[in-house]
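Inside the fold
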Amino acid sequence: MAARSAGVVLAAFLVLTGGCASHRPAPGNAQWAEQRCELLYQALDQATRRAGRIDAGAVPVPYYAYLRTDRFSASLKDRAADGEAFAAWIERMRALDLAARELEFANLPSPERERLTARFPALREGLAPALEPCARTLARHDFESASARAELRRTLSVPDDYDTWKRVVGIYVLTRIPFSSGVRNYQAQTTAVFQRPRSELPVRGQLLLYAPASAVPADAAEIQGLVSTARIDALGIPVLDATALERLFDAFAPVYWIDTVDDNDRIGALELDAHGGVDVDIAQPLQYRRLAYTRYGSEIWLQLIYSVWLPARPRTSVFDLLGGHLDGITWRVTLDAKGV
């Protein structure tokens, strides 16, 4: 009787496992492709977390591993009602995710990248060729219904960067006054420096000039002409071709006169050290350029953002809350629809 019971159990197990196998999506099947894509995103996320290489520029959208958003993109949900506008909105967030993942993947330790490539051979061709088809496949499935599209528009948001526990115990309140005071003093000192002619500036070290080699001034007519060529997409975002955008960046590129006392006053390129920390390589003076947008009423305006990095801002005293490792300068140029 015991042997018969065991046989029944074994038969039932075979039926169950056989049923699972017969319903497993076959290669080439759409469901199989979706599962493979989900596994790829999960593996990338796990590797990035293990290595501590998470890019903080854009925020992952919960439940959609192929989407990330920022405050500007999240603000566009009022324009992404459906159809072409919704598709453009998803495409924008997909591009944000891909850009972040390319940085994360490039910064992974070599053994981690090799493990991922061995498991997912498609990565040998690059991250974009592997992920772009996956993202579009998953998006078609996830947002097939109007209710799913409406739910994303309703729930999408970008959380603030405050720590809740610090708010509860009042740390932000305690530090706000001295920190704000330090910022105001710094702003006042900086404004006073900018208001003085260069010949009258106090120089403690050597005054060095940093200027982009390709910076060529442009008059108002040329700027307006470049901006007017922008194509307006389904979300109302002006889109410039690469040549026009490069010309705008060159035309508005700032130059920097820096009083150089020591190496902390030298512009350089960001790099990772042997321990995964961020350093500045002053042997490679570099200015970073980035395109952004801002909303002004019903219009969306272009923003040209220039950033340079320096190794540190030495503290002037133990109460200097603004000093520390890494320092930088960001210059932002905002252009309205007429290029003004």
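Structural data are supplied above this passage.
Below is a short write-up of the structure. Please read these numbers as outputs of a predicted model, since none were measured by experiment.

Applying the stated criterion across every chain, the model contains eight aromatic pairs. On the basis of an interplanar angle of 75° and a centroid distance of 6.2 Å, the ring pair of Y64 and Y66 is categorised as edge-to-face. Note on accessibility: Y64 and Y66 belong to one class, buried. Between F72 and Y293 the ring centres are 5.6 Å apart and the planes differ by 20°, which places this aromatic pair in the stacked class. Taken together, the residues F72 in helix α3 (residues 71-75) and Y293 in strand β9 (residues 288-296) connect sequence positions 221 residues apart. In textbook terms, an aromatic cluster arises when at least three aromatic residues are bridged by ring pairs, as seen for Y41, Y64, Y66, F86, W89 and F143.

Let us now look at the pattern of salt bridges. Throughout the structure, instances matching the rule amount to 16 salt bridges. The shortest N-O distance in the salt bridge between R101 and D97 comes to 2.9 Å. Note that R101 and D97 are positioned in helix α4 (residues 83-106) at a spacing of four residues, about one turn of the helix. An identical accessibility class is assigned to R101 and D97; each is buried. Its salt-bridge partner being R266, residue D263 comes within 3.3 Å of it at the nearest N-O pair. Taking relative accessible area as the criterion, D263 reaches 45% and is therefore assigned partly exposed. Taking relative accessible area as the criterion, R266 reaches 29% and is therefore assigned partly exposed.

Cut-offs and rules
- Residues numbered from 1 in each chain as written.
- Predicted model: local features only at pLDDT ≥ 70, side-chain atom pairs only at ≥ 80, totals over all residues.
- Heavy atoms only, no water.
- Phe/Tyr/Trp six-rings, centres within 6.5 Å; stacked < 30°, edge-to-face > 60°.
- Buried < 20%, exposed > 50% of the residue type's maximum accessible area, 1.4 Å probe, protein only.
- Helix = DSSP H or I, 4+ residues; strand = E, 2+ residues; numbered from the N terminus.
- Salt bridge = Lys/Arg side-chain N within 4 Å of Asp/Glu carboxyl O.

The quantities given are spatial measurements derived from coordinates; they are silent on function.
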